[in-house]
Amino acid sequence: MFQNIIKNISRFITLTLEEEKIYENLLTLQKFPKKTHLLREGEICQFEGFIKEGCIRTYYLDENGFEVTILFAVEDWWITDIDSFNNKTPSKIFIETLEDTEIYMLTPETKEELLQKVPKFERAFRMMMQRYVVTLQNRLVNTISQPATDRYLEFIRVYPTIPQRVAQYYIASYLGVSKEFVSTIRKRLANKQK
């Protein structure tokens, strides 16, 4: 049952069988239907979650009330609002399932217990945080510096399964373009592959 999350964490640290059991006992597997908000703007985030199955997006509302997708997360990705979870501040984002989703959850309390009982998890979470920051930094640089077609190609590289799993307007929201533009880019790329 915990094979995927143990494999994920084993990229960063090596666990003994006893440490694996401690980890497994602190995790809660929760199932959420499609279109469930796990977090809304203004709430305090009470989870760090590892996606066993499903697809999630993180977004915020801009000054005109339009949804702006910040990132997508699929199987073997972690999801949370880092600031809200760690600092107990009201969230500025929404986290929503786009498919029926299963997530292994840690609460602030269970994460703290894990770090006390198995200190090597500090290293694992630090390394995951570094990877997350690199992903966001690359997204920021690409959004500012690349033409829309290049942003789409980078999106496909980072999220190869997403175009088949989510509505085109979510991708457009992520790229900062219209859904018609995404449709045009997809058609153009499909014609090049023929």
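Residues numbered from 1 in each chain as written. Predicted model: local features only at pLDDT ≥ 70, side-chain atom pairs only at ≥ 80, totals over all residues. Heavy atoms only, no water.

### Observations concerning the overall build of the protein chain
Scanning the protein chain from terminus to terminus reveals eight helices and eight strands. Relative to the 2.2 N^0.38 estimate, which gives 16 Å for 194 residues, the radius of gyration of the protein chain is 18 Å and therefore close to what a compact globule would have. Across its three principal directions, the C-alpha atoms of the protein chain cover 55 × 40 × 30 Å. Within the protein chain, buried positions represent 44% of all 194 residues. Sequence-distant contacts, at least 24 apart, represent 70% of the contacts inside the protein chain between residues at least 6 apart. For the protein chain, the exposed area adds up to about 10,900 Å²; of that, 53% sits on carbon and sulfur atoms. Side-chain charges in the protein chain split into 27 positive and 26 negative, and the spacing between the mean points of these groups amounts to 8 Å. (Helix = DSSP H or I, 4+ residues; strand = E, 2+ residues; numbered from the N terminus. Rg over C-alpha atoms; globule rule 2.2 N^0.38 Å. Buried < 20%, exposed > 50% of the residue type's maximum accessible area, 1.4 Å probe, protein only. Contact = heavy atoms within 4.5 Å. Areas by Shrake-Rupley, 256 points an atom, 1.4 Å probe, with all protein chains shown as cover. Lys, Arg positive; Asp, Glu negative; His and termini not counted. Charge placed at Lys NZ, Arg CZ, Asp CG, Glu CD.)

### A closer look at the sheet that holds strand 5 (residues 67-74)
Taken in spatial order, the four strands line up as 2-7-4-5 in an open sheet, and their pairing is antiparallel. Among the strands making up the open sheet, the edge pair consists of strand 2 (37-39) and strand 5. Within the sheet, the average angular offset between the axes of one strand and its neighbour, ignoring direction, is 30 degrees. (Pairing = 2+ DSSP bridges. Axes fitted to C-alpha atoms, helices over the stretch in contact; angles between N-to-C directions.)

### Looking at the UniProt feature "domain: Cyclic nucleotide-binding" (unreviewed entry) in the protein chain
The feature "domain: Cyclic nucleotide-binding" (unreviewed entry), as given by UniProt, occupies residues 30-117 in the numbering adopted here. With 18% helix and 44% strand, residues 30-117 has its two end C-alpha atoms placed 23 Å apart. (UniProt positions renumbered as here; feature names shortened; annotations may be inferred.)

### Remarks on unusual backbone geometry
For Lys35, which is not a glycine, the phi torsion comes out positive at approximately 70 degrees. Relative to the assigned elements, Lys35 resides in the loop between strand 1 (28-32) and strand 2. Backbone geometry at Lys88 places phi at a positive 60 degrees, although glycine is not the residue there. You can see Lys88 is positioned in the loop between helix 3 (82-87) and strand 7 (94-97). A relative accessible area of 44% means that Lys88 is categorised as partly exposed.

### Digging into the packing of aromatic side chains
What the rule picks out here adds up to 16 aromatic pairs. Each ring, one from Tyr159 and one from Tyr174, has its centre 5.8 Å from the other, and the planes form 90 degrees; the classification is edge-to-face. Of the two residues, Tyr159 is situated in the loop between helix 6 (148-158) and helix 7 (168-175) and Tyr174 in helix 7; the sequence distance between them amounts to 15 residues. Using a relative accessible area of 10% as the deciding quantity, one classes Tyr174 as buried. Linked through ring pairs, Phe2, Tyr23, Phe50, Trp78, Tyr104, Phe121 and Phe125 together constitute an aromatic cluster. Positioned above the aromatic ring of Phe85, the side-chain terminus of Lys88 is 5.7 Å from the ring centre. (Phe/Tyr/Trp six-rings, centres within 6.5 Å; stacked < 30°, edge-to-face > 60°. Lys NZ or Arg CZ within 6 Å of the ring centre and 35° of its normal.)

### With respect to the nonpolar core
Residues Phe72, Phe155 and Ile162 are the most contacted members of the largest nonpolar core, which totals 33 residues. Those elements that provide at least two residues to this core are strand 2, strand 4 (55-61), strand 5, strand 8 (101-106), helix 6, helix 7 and helix 8 (179-193). Beyond its immediate stretch of four places on either side in the chain, Phe155 contacts Phe72, Ile162, Pro163, Ile171, Tyr174 and Leu175. Counting 21 residues, the second largest nonpolar core, distinct from the first, contains Ile5, Trp78, Leu106 and Met128. (Core = buried A, V, L, I, M, F, W, Y, C linked by side-chain atoms within 4.5 Å.)

### Points about the sheet that holds strand 1
Here we have four strands laid out as an open sheet, ordered 1-8-3-6, and antiparallel in their pairing. Unpaired on one side and paired on the other, strand 1 and strand 6 (78-79) mark the two borders of the sheet. Pairing between strand 1 and strand 8: five bridges, direction antiparallel. Counterpart to Gln30 in the pairing with strand 8 is Ile103.

### Considering the pattern of salt bridges
Here the structure, examined in full by the defined rule, presents eleven salt bridges. Here Glu48 ties to Lys111 by a salt bridge, and the two come within 3.0 Å at their closest N and O atoms. Placement of Glu48 in strand 3 (residues 48-53) and of Lys111 in helix 4 (residues 108-117) is noted, with a sequence separation of 63 residues between them. One salt bridge connects Arg57 with Glu67, and the closest N-O pair in it is separated by 2.3 Å. Residue Arg57 is found in strand 4, and its partner Glu67 is found in strand 5; the two are separated by ten residues along the sequence. Taking relative accessible area as the criterion, Arg57 reaches 1% and is therefore assigned buried. Several salt bridges share partner residues, and in doing so they unite Lys35, Arg57, Glu67 and Glu96 into one network. (Salt bridge = Lys/Arg side-chain N within 4 Å of Asp/Glu carboxyl O.)

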